[in-house]
Amino acid sequence: MQFKHPEILYFLFLLVIPILVHLFQLRKFKTEYFTNVKFLKELSVQTRKSSKIKKYLLLASRLLLLTFLILAFAQPFFKAKDSKNATNELYIVLDNSFSMQAKGQKGELLKRAVQDLLEHSPENANFSLITCSENYWNTDIKSIQKELQNLKYSASPFQLDNLLAKIKAHKSAFNKDIVVITDAVGLQPNQVKNTKEDENLYFIIPEAEKTDNIAIDSVYVNQVLDNFYEIGVKLDAFGTDFKDIPIALYNNKKLTAKTLVNFESKSKTINFTIPKEDFHGYVSIVDNGLEYDNNYYFSISKPEKSNVISIGDTEKSGFLSRIYTEDEFNYSNFSLQTLDYNLLDKQDAIVLNELKDIPQALQTTLKSFVEKGGNVVLIPSAESTTSNLNTFLSAFGGIQFKSLNNSEKMITKINFSHPLFGSVFEKKVENFQYPNTKTSFDLNSAAPMVLGYSDQSSFLSAIQNGVSSVYVFNAPINKGNSNFQNSPLIVPTFYNMAQNSQKAGINASIIGESKPFIVETLLTKDEIVNVKNDAESFIPIQQILNNKVKLTFNDNPKEAGNFDILNKENPIGKLSFNYNRSESNLTNANPDAVSDYKEINNVASIFDTLQADRSDNQIWKWFVILALLFVAIEVLIQKFVK
């Protein structure tokens, strides 16, 4: 037992006072008898004995009364079991990612968690609430009641390590209690491995009753026909027994096609054929699982001719004119001496075809060209110096040329997963006539390999920056050095290298990935581009690049959908955004990842537990009650004891 005010215990010396009074009352007197009262002698002796007992009882009651009263003012208590953390600050991490749309015993997991907070958080309890999308520092439940009731699902997946890092960055002089409310979908042990010793981590893990779900994973152009696109819609099924799932295709909210899907495996691809023109819509399914991944928004722009220039000797560029035909490309070839630099900004791709030297002025222009979304293809010459090539490539990083190798090599490796070949091969091809090179440069490359030699070295590499690519061959491909021009690979390789990814194919970005987008428009200094649809409008980060504008979106928009890019209310482009699909697989719930930490059932339990473990057991009230009890005992002694 400890005392809050131990100095008051000095008043226990006051117990001497009733003892002195008692002794004074018990002092002895000499008795003289005289005739008139002699007959009372026997009665006096009896009375003196009972009076003496009464005085001892009164002394005991007064001593105990005074003792308990002094002890009560000293405020005795038993120290709390977890007293060292009594001053801890409370942080609540609430998972509002889309996996919390799943239904538990009492409804959607997120709504149930919010209701639990509103009902069982003490009004006077101060805490901080951190979600995937919002932060409320040093608040209480009454102050954020409205915000909690209107809390929306976050487009950002639940990343516990990022949220814990945010809490650690919030400076405080006190230790922390962190309560995490999550369904544990995608949770990994390494996300909590950096928890400090002074941080107490608790978990509330609500469980979904059903984990079956179907998600639209992606949409892509499967085949380009003369007048039509054949698009593929990839669906992923998490669970079993999915039959007759309706899937519909909408263009500008108008129904274009509809069918039913049955799953024989966990993944299914459905093909739709649409006219070869502008498309701005979405694919939609209906299932009994999560709702957020049932729509996939995408845009396809009507194909335009790509502008391509090759720089090099005419006799070495004949194969390019046969690939970049007039019906799909505006192609021209220039020697270095006749090149008009003013034409470069208007191109979609530029091929440097075996230039002996790349002038500094051209290097500077091409660096700016790539930053604005253009593709560059570098084919070295056997007479090129490695210093000149490396100076040029240093602006993009990832690849450095080394010495020229005169040994013959076979080109046998194809990176089928590379975006360059995304729609070229229906299956992996292993048996084909391997092209070769007689001389080639050794490379020091960290860039992804597109085509490779049998010795695992790279023949064609790609440096990608989000809006454009720089493709680098490590060898000349003229007929004197290689038979690559006769290989079936050359057509899809050069064809796709010349395509601007934003002009060809499907536009469908993921919210939060911050992938930049280049739009062609002329802006004055005071003009800005904004992005808008019926539900949302925002201004992206933008950089003016002559006749183009580079847009960066960060965490915008907040909701998936089709959007228009506007300049003074005039449409200049179209965009589509989708939610990240990482929350779709509810079977990824992994509560065992945090099995080393304390798991509790609900919010009420955490507040009760913390209060019970951190609060001292005050017992001064019991001493007040005992003091009052002895007041009553003294009154009874005075009244009934003779």
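Throughout what follows, the structure given in this document is the object of discussion. (Residues numbered from 1 in each chain as written. Predicted model: local features only at pLDDT ≥ 70, side-chain atom pairs only at ≥ 80, totals over all residues. Heavy atoms only, no water.)

Some words on the overall build of the protein chain
For clarity, the threshold we go by: Secondary structure elements are defined from DSSP: runs of H or I of at least 4 residues count as helices, runs of E of at least 2 residues count as strands, and each element is numbered from the N terminus. Only protein chains enter the calculation, and the probe is 1.4 Å; a residue is then buried if its accessible area is under 20% of its type maximum, exposed if over 50%, and partly exposed in between. Here a residue-residue contact requires only that any non-hydrogen atoms of the pair lie within 4.5 Å. A 1.4 Å probe and the Shrake-Rupley method give the accessible areas. Residues count as covered only by the protein chains that appear here.
The number of helices and strands found in the protein chain is 11 helices and 38 strands. Per-residue burial for the protein chain yields a buried fraction of 45% across its 642 residues. By sequence separation, contacts in the protein chain at least 24 residues apart represent 70% of the contacts at least 6 residues apart. Of the roughly 34,600 Å² of accessible surface on the protein chain, a fraction of 51% belongs to carbon and sulfur atoms.

Some remarks on the sheet that holds strand β32 (residues 537-538)
Where we set the bar: What makes two strands pair is DSSP finding at least two bridges between them.
Strand order in this open sheet of 5 strands is β29-β36-β35-β31-β32, and the pairing throughout is mixed. What marks the edges here is a single partner per strand, and that holds for β29 (509-510) and β32.

So, helix α5 (residues 160-169)
In plain terms, the rule: The arc in question is the one spanned by the directions pointing from the helix axis to the C-beta atoms.
Within α5, the full set of buried residues consists of L160, L163, L164 and I167. The buried residues of α5 occupy an angular sector of 100° when the element is viewed end-on, so they sit on one face.

Some points on the environment of R581
Filter applied, for reference: Polar contacts, as counted here, are pairs of nitrogen or oxygen atoms within 3.5 Å of one another; within protein the pair requires one atom able to donate a hydrogen and one able to accept it, and residues that are adjacent in sequence qualify only if both atoms are side-chain atoms.
Within the secondary structure, R581 sits in the loop between β36 (570-578) and β37 (598-599). When the C-alpha atoms of R581 and Y292 are compared, they prove to be 8.9 Å apart, with 289 residues separating the residues in sequence. In contact with R581, not counting residues within four places along its chain, are I216, Y292, D293, N295 and Y296. Engagement of the side chain of R581 in a polar contact is seen with the backbone oxygen of N295, the distance being 2.7 Å.

Thoughts on the pattern of salt bridges
Rule in force here: Salt bridges are identified by distance alone: a Lys or Arg side-chain nitrogen within 4 Å of an Asp or Glu carboxyl oxygen.
Considering all chains together, one arrives at 10 salt bridges under this definition. Note that K152 is salt-bridged to E559, the shortest N-O span being 3.6 Å. Taken together, the residues K152 in the loop between α4 (145-149) and α5 and E559 in the loop between β34 (548-552) and β35 (561-567) connect sequence positions 407 residues apart. Its relative accessible area of 35% is what places E559 among the partly exposed residues.

Details of the packing of helix α7 (residues 360-371) against helix α8 (residues 386-393)
For clarity, the threshold we go by: Fitting a line to C-alpha atoms yields each axis, with helices limited to the stretch in contact; the angle taken between N-to-C directions then spans 0 to 180 degrees. Orientation is classified from the angle alone, with under 35 degrees giving roughly parallel, over 145 giving roughly antiparallel, 65 to 115 giving roughly perpendicular, and any other angle giving oblique. In a left-handed crossing the near helix is turned counterclockwise from the far helix by less than a right angle, and in a right-handed crossing that turn is clockwise.
It is the contact of α7 with α8, at a shortest axis distance of 10 Å, that shows an interaxial angle of 30°. As the angle between them shows, α7 and α8 are arranged roughly parallel. Seen along the crossing, α7 lies across α8 with a hand that is right-handed. Taken together, the residues of α8 that come into contact with α7 (itself represented by Q360, Q363 and L366) are N388, T391 and F392.

Remarks on the nonpolar core
Our working rule: Buried residues of nine kinds, namely Ala, Val, Leu, Ile, Met, Phe, Trp, Tyr and Cys, make up a nonpolar core once their side-chain atoms join them within 4.5 Å.
One finds L94, L129 and I181 to be the most contacted residues of the largest nonpolar core, which totals 52 residues. Those residues in contact with I181, other than ones at most four positions away along the chain, are I92, V93, L94, D95, A113, L117, I204 and V603.

Details of the sheet that holds strand β33 (residues 541-545)
Strand order in the open sheet formed by 3 strands is β30-β34-β33, and the pairing between neighbours is antiparallel. Edge positions in the sheet fall to β30 (517-520) and β33, since each of these pairs with one other strand and no more. Between one strand axis and the next, the sheet turns through 25° on average, direction left out of account. In terms of strand pairing, β33 meets β34 through 5 bridges, oriented antiparallel.

Thoughts on the side chain of D177
Within the secondary structure layout, D177 lies in strand β8 (residues 176-181). In terms of polar contacts, D177 uses its side chain to reach the side chain of N200, at 2.9 Å.

Some thoughts on the packing of aromatic side chains
Put simply, the test is: Stacked, edge-to-face and tilted labels apply to pairs of Phe, Tyr and Trp rings (six-membered ring for Trp) whose centres lie within 6.5 Å, assigned for plane angles under 30 degrees, over 60, and everything in between, in that order.
Inspection of the entire model under this criterion finds 25 aromatic pairs. With 5.4 Å between their ring centres and 90° between their planes, F329 and Y495 make a pair best called edge-to-face. Taken as a pair, F329 in strand β18 (residues 329-334) and Y495 in helix α9 (residues 490-497) lie far apart in primary sequence, 166 residues in all. On the basis of an interplanar angle of 75° and a centroid distance of 5.3 Å, the ring pair of F459 and F473 is categorised as edge-to-face. Here F473 lies in strand β27 (residues 469-473) and F459 lies in strand β26 (residues 458-464), a separation of 14 residues in the sequence.

Some words on the environment of F369
By the secondary structure assignment, F369 is in helix α7. Here the alpha-carbon distance between F369 and L344, two residues 25 residues apart in the chain, equals 7.5 Å. Here F369 is in contact with L344, Q347, D348, A349, I350, G374, N375 and V376, once residues within four sequence places are set aside.

Brief notes about unusual backbone geometry
A cis amide bond links N556 with the next residue in sequence, P557, at an omega value of -5°. Within the chain, D244 stands out as a residue other than glycine whose phi angle is a positive 50°. Examined against the element boundaries, D244 turns out to sit in the loop between β11 (228-238) and β12 (245-251). One non-glycine residue, K253, lies in positive phi territory at about 70°. Tracing the backbone through its elements, the reader meets K253 in the loop between β12 and β13 (254-261). The class for K253 is exposed, based on a relative accessible area of 62%.

Some remarks on α7
Selection criterion: Between the first and last residue of a helix there are one fewer steps than residues, each counted as 1.5 Å, and that sum is the expected span.
End to end, α7 covers 17 Å across 12 residues, agreeing with the expected 16 Å (1.5 Å per residue, within 8%). Every buried residue of α7 is accounted for by L362, Q363, L366, F369 and V370. Buried positions in α7, seen along its axis, are confined to an arc of 125° and lie on one side of it. Two residues or fewer after α7 comes G373, characterised by a positive phi angle close to 105°.

Let's talk about the pairing of β27
The element β27 is largely enclosed, with a buried count of 5 among its 5 residues. The alternating pattern of β27 places S469, Y471 and F473 on one face and V470 and V472 on the opposite face, and all of these are buried. Here strand β20 (residues 375-379) pairs with β27 via 3 bridges, running parallel. Along β27, the bridge assignment pairs V377 with Y471.

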